[in-house]
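Residue strings, one per chain:
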Amino acid sequence: MTAQTQYDLGADDLALVLALVRAGSLNGAAERLKVDASTAFRALQRLERGLKQPLFERSRTGCLPLDLARTLAEQAEAVETALEAARSAAQQPPQSLAGSVRLTTTDTLLHGLVAPALRDFQKGHPQLTFELHAGNELASLTRRDADLAVRATRRPPPHLVGRDLGPLRVALYTARDSAVRDWADVEAGRAAWVAPDDALPDHPTVLWRRRRFPKAVPAWRANSILTVMELIALGCGVGLLPMFLAHGRADLRPLSDALDECQTELWLLAHPESRHQRRVSAVYAHLAQALVLA
């Protein structure tokens, strides 16, 4: 008898890896998979023995995915999205989608990405309606006041399911006709700053500016990144903006490349109990394909 030399990966293996990457711990992955932690641990051991290599670096603080685990998780996400689309197509013809889908996001993501992506989808499904909530918290989705969320975060809440849609990159901008010509002008203190106010104290751009320019006091502060952008375009000063939002704006000029310290990830999230409703899964699948970052 010839011994099996190659492990045959299955759907359960991919689901386990994806849950571990998303949760960052065995307990969190077990909760997502609705099994106990010892079952998840044995499944991981079996998988790593079959592949003859470790997938995660395990410690008291959790599980850090190695390169192969990240690759498998990406493939698992692609399978997940395809399944969502297949379920939607199988359950009901696209033209008969009806009802309301509740979505929560920030005003920046709503106007810059989500609304444009939903506009054409709704035209193809005129009986489908959307309830949109723009805010900086995830509480509405946690309470199931919303079906879906689109968020910028490095680590989404473990009780939600979703997909990482890619990096949200940030750069420094000024107005097209601004007297501030380059980064050196900013370093020399020859530029006024436009920044988020205390409504966004932990925003990555706020934390970066305070570290990089600790003595800079913004001349303009606003509780919305969209407002920050419009003030910069008016020539009020320089500021940090998501590159997808500033892309194509002729009245803005970048003063830097993408700033790695400000980067976050764009996540499409759903509550586990509502994601399989026909209308919700259809919108989820559409957004997973349509939300393209510049």
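Residues numbered from 1 in each chain as written. Predicted model: local features only at pLDDT ≥ 70, side-chain atom pairs only at ≥ 80, totals over all residues. Heavy atoms only, no water.

Chemist: Can you walk me through the overall build of the chain in this structure?
Modeler: Along its length, the chain carries 11 helices and 12 strands. Among the 294 residues that make up the chain, the fraction classed as buried is 48%. Taking the contacts inside the chain whose residues are at least 6 apart along the sequence as the reference set, 74% of them involve residues at least 24 apart. Carbon and sulfur atoms make up 51% of the accessible area of the chain, which totals about 15,300 Å². Of the charged side chains in the chain, 35 are positive and 33 negative; the average position of the first set lies 2 Å away from that of the second. (Helix = DSSP H or I, 4+ residues; strand = E, 2+ residues; numbered from the N terminus. Buried < 20%, exposed > 50% of the residue type's maximum accessible area, 1.4 Å probe, protein only. Contact = heavy atoms within 4.5 Å. Areas by Shrake-Rupley, 256 points an atom, 1.4 Å probe, with all protein chains shown as cover. Lys, Arg positive; Asp, Glu negative; His and termini not counted. Charge placed at Lys NZ, Arg CZ, Asp CG, Glu CD.)

Chemist: Looking at this structure, I do not really get the packing of aromatic side chains. What am I missing?
Modeler: Evaluation of the coordinates by the stated rule reveals four aromatic pairs. The rings of Trp183, Trp193, Trp208 and Phe213 are connected pair by pair, giving a single aromatic cluster. The ring of phenylalanine 213 carries arginine 212 above its face, with NZ or CZ at 5.2 Å from the centroid. (Phe/Tyr/Trp six-rings, centres within 6.5 Å; stacked < 30°, edge-to-face > 60°. Lys NZ or Arg CZ within 6 Å of the ring centre and 35° of its normal.)

Chemist: Quick question: what am I supposed to make of the sheet that holds strand β7 (residues 170–175) here?
Modeler: Spatial strand order, β10-β7-β11: three strands in an open sheet with antiparallel pairing. Each edge of the open sheet carries a strand with a single partner, namely β10 (239–242) and β11 (252–254). Strand-to-strand twist of the sheet, defined as the mean angle between neighbouring strand axes without regard to direction, takes the value 55°. Set on the sheet, helix α9 (residues 225–233) makes contact with β7, β10 and β11; between it and β10 the angle comes to about 125°. (Pairing = 2+ DSSP bridges. Axes fitted to C-alpha atoms, helices over the stretch in contact; angles between N-to-C directions.)

Chemist: Please clarify how the side chain of serine 256 should be interpreted in this entry.
Modeler: Relative to the elements of secondary structure, serine 256 occurs in the loop between β11 and β12 (264–270). Judged by relative accessible area, serine 256 falls into the buried class, the value being 17%. A distance of 3.0 Å separates a polar side-chain atom of serine 256 from the backbone nitrogen of leucine 172. The contacts of serine 256, once residues within four sequence positions are left out, are Ala171, Leu172 and Trp183. (Polar contact = N/O pair within 3.5 Å; in protein donor to acceptor, adjacent residues only side chain to side chain.)

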